Amino acid sequence: MAKHLIKLIIMGTQVVTKAFARALRQELAASQAAAQKLGGGKRGTEHVAANYKTGITLEEALQILNVERVDQLEAIERNYKYLMEVNDKSKGGSFYIQSKIVRAKERIDEELKNIKVPPQNTNSM
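Rules used throughout
Residues numbered from 1 in each chain as written. Predicted model: local features only at pLDDT ≥ 70, side-chain atom pairs only at ≥ 80, totals over all residues. Heavy atoms only, no water. Helix = DSSP H or I, 4+ residues; strand = E, 2+ residues; numbered from the N terminus. Buried < 20%, exposed > 50% of the residue type's maximum accessible area, 1.4 Å probe, protein only. Contact = heavy atoms within 4.5 Å. Core = buried A, V, L, I, M, F, W, Y, C linked by side-chain atoms within 4.5 Å. Expected span 1.5 Å × (residues − 1).

Novice: Where do I start with the overall build of the protein chain in this structure?
Specialist: Within the protein chain one finds five helices and zero strands. Mapped in sequence order, the helices and strands of the protein chain form the string α-α-α-α-α. Across the 125 residues in the protein chain, those meeting the buried criterion constitute 26%. Sequence separation of 24 or more characterises 57% of the internal contacts of the protein chain that already satisfy a separation of 6 or more.

Novice: Before we go on, may I ask you to explain the nonpolar core in this structure?
Specialist: Core analysis: the largest hydrophobic core is formed by 16 residues, its most contacted members being Leu62, Leu65, Val70 and Ile108. Elements that contribute at least two residues to this core include exactly helix H3 (58–64), helix H4 (73–86) and helix H5 (95–114). Ranked by residues supplied to this core, first place goes to H4 with five residues. Excluding residues within four positions of it along the chain, Val70 makes contact with Leu58, Leu62, Ile76, Ile108, Glu111, Leu112 and Ile115.

Novice: Help me understand H4 in this model?
Specialist: A turn of α-helix holds 3.6 residues, and therefore any two residues three or four places apart point the same way. With 14 residues, H4 extends 20 Å between its outermost C-alpha atoms, agreeing within 8% with the 20 Å of an ideal straight helix rising 1.5 Å per residue. Packing partners of the buried residues in H4 comprise H5.

These values are about where atoms sit, not about what they do.
Quick look at the structure:
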């Protein structure tokens, strides 16, 4: 009985180890593909640093502010102000949603700073 239990434990450990190694290889490949897409080097490093600093990816920030590209400054500003007004707590809005909107704007501003396009001033609400 103990012999079968030991075999079962060993096989289970091998299965988990193989699955973990496969997941790790897939994650590494995905990270390398993302870095390649960004051009790698200094630009890729700046992008990752901005994601880490703001806690939000550029893609998510663009979706939140409902724009397709970082260079749509007027649309970003217009959507930011509109979303902040609509989600004002005094109007029954959500502070959580407002904080996501602010983080999205900060992430886009960080990207603009990295590509040397001056962001427009915003008045926080």
